[in-house]
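Secondary and tertiary structure notes
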Amino acid sequence: MTHWMDMEIAETEIAGLADDWAAAELRGDAARLDALLADDFACVEARGRVVERAEWIERIEAGRLRWDRFGWMAETIRVFGESAIVVGRQEVAGTHAGWRVEDRCRGTQVWVDGDGGWRLAALHLTPIAE
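Thresholds applied
Residues numbered from 1 in each chain as written. Predicted model: local features only at pLDDT ≥ 70, side-chain atom pairs only at ≥ 80, totals over all residues. Heavy atoms only, no water. Helix = DSSP H or I, 4+ residues; strand = E, 2+ residues; numbered from the N terminus. Rg over C-alpha atoms; globule rule 2.2 N^0.38 Å. Buried < 20%, exposed > 50% of the residue type's maximum accessible area, 1.4 Å probe, protein only. Contact = heavy atoms within 4.5 Å. Areas by Shrake-Rupley, 256 points an atom, 1.4 Å probe, with all protein chains shown as cover. Lys, Arg positive; Asp, Glu negative; His and termini not counted. Charge placed at Lys NZ, Arg CZ, Asp CG, Glu CD. Pairing = 2+ DSSP bridges. Axes fitted to C-alpha atoms, helices over the stretch in contact; angles between N-to-C directions. Core = buried A, V, L, I, M, F, W, Y, C linked by side-chain atoms within 4.5 Å. Phe/Tyr/Trp six-rings, centres within 6.5 Å; stacked < 30°, edge-to-face > 60°. Arc of directions from axis to C-beta.

1. Let's talk about the overall build of the protein chain
Helix and strand content of the protein chain: three helices and six strands. Secondary structure of the protein chain in N-to-C order comes out as α-α-β-β-α-β-β-β-β. In terms of C-alpha radius of gyration, the protein chain reaches 15 Å, essentially the compact-globule figure of 14 Å for 130 residues. If you line up the protein chain on its principal axes, its C-alpha atoms span 50 × 35 × 20 Å. Out of the 130 residues belonging to the protein chain, those deemed buried represent 37%. For the protein chain, long-range pairs separated by at least 24 residues make up 49% of all intrachain contacts whose partners lie at least 6 apart in sequence. Carbon and sulfur atoms make up 54% of the accessible area of the protein chain, which totals about 7300 Å². Taken together, the 15 basic and 25 acidic charged side chains of the protein chain have centroids lying 8 Å from each other.

Structure follows, in structure tokens:
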């Protein structure tokens, strides 16, 4: 069984990494995202399309995706041994392939702890109804 203090330390670390991820997205920092994303990362975007790790990073490297605003606020973090589930809110505005993008979503992140430390393995986004 994981000690509660270990869980609190992990929760604090993951909260910092989630903030770091959001900042890297806003800056368009593909190198930092490369370090934060698990090798088999996948995202189910707000409109249901699945984006694998290579495409996620490539669209930033190529300049097709640029954020004017990228906010992430973790609401709950639950650690389960070597994995963690973060539920939060994401608000973004920017351009993707020349199209304006503005979304407010509820999101679920899955972080996994491996040899390289905690990495983001999955992200699922659902639009917040007005």
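Back to the text.
2. Considerations on the sheet that holds strand β3 (residues 65-80)
If you walk across this open sheet you meet the six strands as β2-β1-β6-β5-β4-β3, and the pairing is mixed. Each edge of the open sheet carries a strand with a single partner, namely β2 (50-52) and β3. For this sheet, the mean angle separating the axes of adjacent strands, direction not counted, is 20°. As defined by bridge partners, strand β4 (residues 83-96) adjoins strand β5 (residues 99-114) across 14 bridges and the pair is classed as antiparallel. By the bridge assignment, Val92 is partnered in β5 with Asp103.

3. What about the nonpolar core?
Judged by nonpolar contacts, the single largest core of 34 residues is most densely connected at Ile14, Trp21, Trp56, Trp111 and Trp118. Elements with a contribution of two residues or more to this core: α1 (4-27), α2 (30-36), β1 (37-44), α3 (53-61), β3, β4, β5 and β6 (117-127). By residue number, the principal contributor to this core is α1, which donates seven residues. Sequence-distant contacts of Ile14, that is, excluding residues within four places in its chain, are made with Ile77, Val79, Ala84, Val86, Trp111 and Trp118.

4. With respect to the packing of aromatic side chains
Counted under the stated rule, the structure contains four aromatic pairs. Plain terms: the ring middles of Phe41 and Trp56 are 5.3 Å apart, the flat faces sit at 70° to each other, and that makes the pair edge-to-face. Highlighted residues: Phe41 in strand β1 and Trp56 in helix α3, separated in sequence by 15 residues. Given the relative accessible area of 0%, Phe41 is considered buried.

5. Quick look at α3
Taken as a whole, α3 has its buried residues at Arg53, Trp56, Ile57, Arg59 and Ile60. One face of α3 carries all of its buried residues, which in axial projection span an arc of 160°. Structural note: α3 exposes Ala54 and Glu61 on the side pointing more than 90 degrees away from its buried face. Phi turns positive one or two residues past the end of α3, at Gly63, with a value near 80°.

6. Here we look at the environment of Gln90
Relative to the assigned elements, Gln90 resides in strand β4. Not counting residues within four places of it along the chain, the set of residues in contact with Gln90 comprises Trp21, Phe70, Gly71, Trp72, Asp103, Arg104, Cys105 and Leu125.

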